[in-house]
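Coordinate inspection notes
Here's the letter readout for the chains.
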Amino acid sequence: MLEDVNEKCAVVGIYGHEEASKLAYFSLHALQHRGQEAAGISSSDGQKLHTIKKRGLVMRVFDEDKLRTLKGSSAIGHTRYSTAGDDSILDAQPVFARYDLGEMAIVHNGNFTNAEKVRKKLIAKGAIFQTFMDTENLIHLIAKSEKDKLLERIIDAVGKIEGAFSLVFLSRTKMFAMRDKYGFRPLSLGKLPNGGYIVASETCAFDLVGADFIRDVEPGELLIFEEGKEIQSIKVFEPQPRHCIFEYVYFARPDSIVFGQSVYQARKNMGQELARIQPVEADLVIPVPDGGVPAAIGYSQESGIPYEMGIMRNHYIGRTFIEPTQEMRDLKVKMKLSPMTGIIKGKRVIVVDDSIVRGTTSKRIVRMLKEAGAKEVHMRVSSPPTTGPCYYGVDTPDKDKLIAANMTLDEICHFIEADSLAYLDEESLLRSVNSKDDTYCTACFTGKYLD
Ligand code: AMP
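Residues numbered from 1 in each chain as written. Predicted model: local features only at pLDDT ≥ 70, side-chain atom pairs only at ≥ 80, totals over all residues. Heavy atoms only, no water.

1. Here's the deal with the overall build of the chain
The number of helices and strands found in the chain is 17 helices and 23 strands. A compact globule built from 451 residues would reach a C-alpha radius of gyration of about 22 Å, and the chain, at 22 Å, matches this within 12%. Along the three orthogonal principal directions, the C-alpha set of the chain runs to about 70 × 45 × 40 Å. Burial status across the chain gives 57% buried among its 451 residues. (Helix = DSSP H or I, 4+ residues; strand = E, 2+ residues; numbered from the N terminus. Rg over C-alpha atoms; globule rule 2.2 N^0.38 Å. Buried < 20%, exposed > 50% of the residue type's maximum accessible area, 1.4 Å probe, protein only.)

Take a look at the structure:
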């Protein structure tokens with residue numbers, strides 16, 4: 001199978017601003033939570049594209065001198081979150097290529113579900129691939145397309161791919177932004193304060209660079225940015241919205257507006273719903289930082305049980321998920337989270353987290369709280385049991401590693417050594433995000449994948 005190295009990521013595009021690469025750089029800082037493995041920016045000075053990409057955090061990849069070399073008034077950027085084990089720099093983005101129409105760079109958030117099939121076909125026709133990224137398929141499809149213009153070639157190429165994609169393309173003179181017809185991954189459009197436009201995975205990037213939110217790029221829509229012209233919009237596909245509900249549960253930053261709603265408010269609603277349907281007598285509500293914070297606040301406000309910071313998080317340790325082996329993951333959880341003994345000792349504690357995936361984090365946390373003297377530890381999860389992998393751009397492990405796909409509620413409770421365990425249900429989750437119709441993808445919780 002193709003390696004899924006192109007998953008939960010962030011994309012940004014800046015068009016029509018003198019300091020495009022700097023704004024892309026700042027935006028990537030705001031989007032760092034979407035990927036910490038690698039970062040990159042391509043800019044265009046109208047004649048030539050310039051690219052820098054490297055493994056590591058945004059602040060380590062770029063400095064003042066490097067940014068100065070990324071000349072021009074348009075730039076696209078990417079932060080990458082890869083699955084375990086792959087550390088090739090070739091798999092960082094933007095993906096850059098020279099082809100018969102000139103130069104282009106692409107950044108991509110999402111997952112092409114037919115990537116393997118498309119790649120095999122391309123290879124059979126003589127294409128040579130340099131990376132494991134599904135994004136490289138797009139480069140080949142564009143380069144091989146028989147259409148005359150890049151715009152037509154992009155439309156031709158995206159018609160051959162399936163799955164989840166929020167994409168930004170950069171040519172010497174234009175920028176294109178596109179979302180798949182399901183709108184799985186977010187992509188918003190904003191106006192920069194001193195002229196020019198920004199597109200970004202999350203609106204928290206707009207806040208940082210002082211941009212005004214205009215609207216989301218619609219599912220199936222392609223935006224074209226060209227000098228001296230209004231933004232042009234083409235409906236490439238009929239929209240069939242299936243927004244990723246996990247963006248609200250865990251992935252997006254709470255200060256972002258995603259799919260038209262505040263992530264913070266959605267998470268708080270989840271906590272309130274959880275308190276209503278899964279109450280328990282206790283002295284304190286504490287979050288697993290940072291993901292569980294808004295839901296724990298909601299739980300506390302709804303239940304009237306005081307909220308405390310019972311666990312400290314060391315912010316200088318990366319996400320525990322990234323580590324390939326179980327042993328490393330265990331160690332990293334330990335390094336990352338420590339108990340506030342004075343708060344917890346002798347107390348009945350409700351601990352709120354946004355999700356349980358493998359169960360490693362919860363088990364470690366319950367044990368840690370008990371060791372710190374908690375009298376009872378009640379685990380409350382502000383999403384339903386994670387029972388299925390994601391094929392649309394979130395890095396969830398295979399089914400055999402998902403604890404809720406392999407154990408009953410009681411077994412999980414026993415495994416994590418909690419006094420009680422309860423999850424949010426699907427209905428309450430949908431209510432928390434004000435879902436009135438079937439516009440969300442809940443496959444990781446419900447197994448309802450695309451047909
Ligand atoms: P686990 O130890 O595998 O059960 O991981 C659960 C923890 O990882 C929770 O605290 C979540 O906030 C967090 N989490 C859930 N999904 C992901 C993901 N796709 N990537 C990184 N962290 C995640």
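This is not the end of the story, as more comes after the structure.
2. So, the nonpolar core
Counting 36 residues, the largest nonpolar core has Tyr248, Met270, Tyr299 and Ile350 as its most contacted members. For this core, the secondary-structure elements that each account for two or more residues are α8 (246-251), α9 (263-277), α10 (293-303), β20 (348-353), β23 (440-441) and α17 (443-446). Counting residues per element, this core draws most heavily on α9, at five residues. Taken domain by domain, this core gets at least three of its residues from each of domain 1 (6-241) and domain 2 (264-434). If sequence neighbours within four positions are ignored, Met270 has contacts with Tyr248, Val249, Ser382, Leu424, Leu429, Ser432 and Val433. Formed by 30 residues, the second largest nonpolar core is a distinct cluster that contains Tyr99, Val118, Met178 and Leu222. (Core = buried A, V, L, I, M, F, W, Y, C linked by side-chain atoms within 4.5 Å. Domains from an automatic or database assignment. Contact = heavy atoms within 4.5 Å.)

3. Thoughts on the pairing of strand β21 (residues 376-381)
The side chains of a regular strand alternate, residue by residue, between the two faces of the sheet. With five of six residues buried, β21 lies mostly within the body of the structure. Pairing geometry for β21 and strand β22 (residues 420-423), over four bridges, is parallel. The residue of β22 that forms the bridge with Met379 is Leu421. (Pairing = 2+ DSSP bridges.)

4. Observations regarding the sheet that holds strand β9 (residues 188-191)
With antiparallel pairing, the seven strands of this open sheet are ordered in space as β3-β2-β4-β1-β10-β9-β11. With partners counted over all chains shown, the strands left at the sheet margins are β3 (49-55) and β11 (212-216), one partner each. Between one strand and the next, the sheet's axes are offset by a mean angle of 15°, whatever the strand orientation. (Axes fitted to C-alpha atoms, helices over the stretch in contact; angles between N-to-C directions.)

5. What about the packing of aromatic side chains?
Taken as a whole, this structure holds 17 aromatic pairs when the rule is applied. The interplanar angle of 45° and the centroid separation of 5.2 Å between the aromatic rings of Tyr182 and Phe184 together place this pair among those described as tilted. Classification of Tyr182 as buried rests on a relative accessible area of 14%. Overall, Phe184 belongs to the buried group, its relative accessible area being 0%. Ring plane angle 80° and centroid distance 5.8 Å describe the contact between Tyr248 and Phe259, whose orientation is recorded as edge-to-face. With Tyr248 in helix α8 and Phe259 in the loop between β15 (257-258) and β16 (261-262), the pair connects residues that are eleven residues apart, well separated along the chain. With respect to burial, Tyr248 and Phe259 carry one shared label: buried. Positioned above the aromatic ring of Phe415, the side-chain terminus of Lys363 is 4.1 Å from the ring centre. (Phe/Tyr/Trp six-rings, centres within 6.5 Å; stacked < 30°, edge-to-face > 60°. Lys NZ or Arg CZ within 6 Å of the ring centre and 35° of its normal.)

6. As for the pattern of salt bridges
Summed over all chains, the structure comprises 27 salt bridges. Of the charged contacts, one joins Glu221 and Arg215 as a salt bridge, the two residues approaching to 2.8 Å between their closest N and O atoms. Given a relative accessible area of 6%, Glu221 falls into the buried group. Relative accessible area serves as the criterion here: at 28%, Arg215 is assigned to the partly exposed category. The residue Asp419 makes a salt bridge to Lys370 at a minimum N-O spacing of 2.9 Å. Taken together, the positions of Asp419 in the loop between α15 (409-416) and β22 and Lys370 in helix α13 (residues 360-371) put the pair 49 residues apart, joining distant regions of the chain. Take Asp419: its relative accessible area is 40%, and that puts it in the partly exposed class. Given a relative accessible area of 32%, Lys370 falls into the partly exposed group. Connected through salt bridges with shared partners, the residues Glu19, Lys22, Glu64, Asp65 and Arg68 form a single ionic network. (Salt bridge = Lys/Arg side-chain N within 4 Å of Asp/Glu carboxyl O.)

7. As for the domain arrangement of the chain
Looking at the chain, the domain boundaries give domain 1 (6-241) and domain 2 (264-434). The C-alpha centroid of domain 2 is placed 34 Å from the C-alpha centroid of domain 1.

8. What to know about the site of the ligand
Around the ligand, the surrounding shell holds 16 residues, and the nearest of these are Asp353, Asp354, Arg358, Gly359 and Thr361. Interatomic distance of 2.6 Å between a side-chain N/O atom of Asp353 and an oxygen atom of the ligand. Measuring from an oxygen atom of the ligand, one finds a backbone N or O atom of Thr360 at 3.3 Å. Starting from 500 Å² of accessible surface for the ligand in isolation, the protein chains cover 94%. Taken together, the residues that form the shell around the ligand break down as seven nonpolar, four polar and five charged. (Near = heavy atom within 4 Å. Polar contact = N/O pair within 3.5 Å; in protein donor to acceptor, adjacent residues only side chain to side chain. Areas by Shrake-Rupley, 256 points an atom, 1.4 Å probe, with all protein chains shown as cover. Nonpolar A, V, L, I, M, F, W, Y, C, P; charged D, E, K, R; others polar.)

9. Let's talk about a nonpolar patch on the surface
Together, Met328, Leu331 and Met335 line one region of the surface with nonpolar side chains, adding up to about 270 Å² of accessible area. Among the secondary structure elements, Leu331 is positioned in helix α11 (residues 326-336). (Patch = residues over 30% accessible without salt bridge, like charges linked within 9 Å, V, L, I, M, F, W, Y side chains within 5 Å.)

10. Focus on the environment of Pro239
Within the fold, Pro239 resides in the loop between β13 (232-235) and β14 (243-244). Considering only alpha carbons, one finds Pro239 and Val12, 227 residues apart in sequence, at a separation of 22 Å. In this structure, Pro239 is in contact with Lys181 and Pro219, ignoring residues within four places of it in sequence.

11. As for helix α5 (residues 135-144)
Since the α-helix packs 3.6 residues into each turn, any two residues three or four apart lie on the same face. With eight of ten residues buried, α5 lies mostly within the body of the structure. The complete set of buried residues in α5 reads Thr135, Glu136, Asn137, Leu138, Ile139, His140, Leu141 and Ile142. For α5, the elements touching its buried residues are β5 (95-99), β6 (102-112), α4 (115-124), α6 (150-158) and β7 (163-170).

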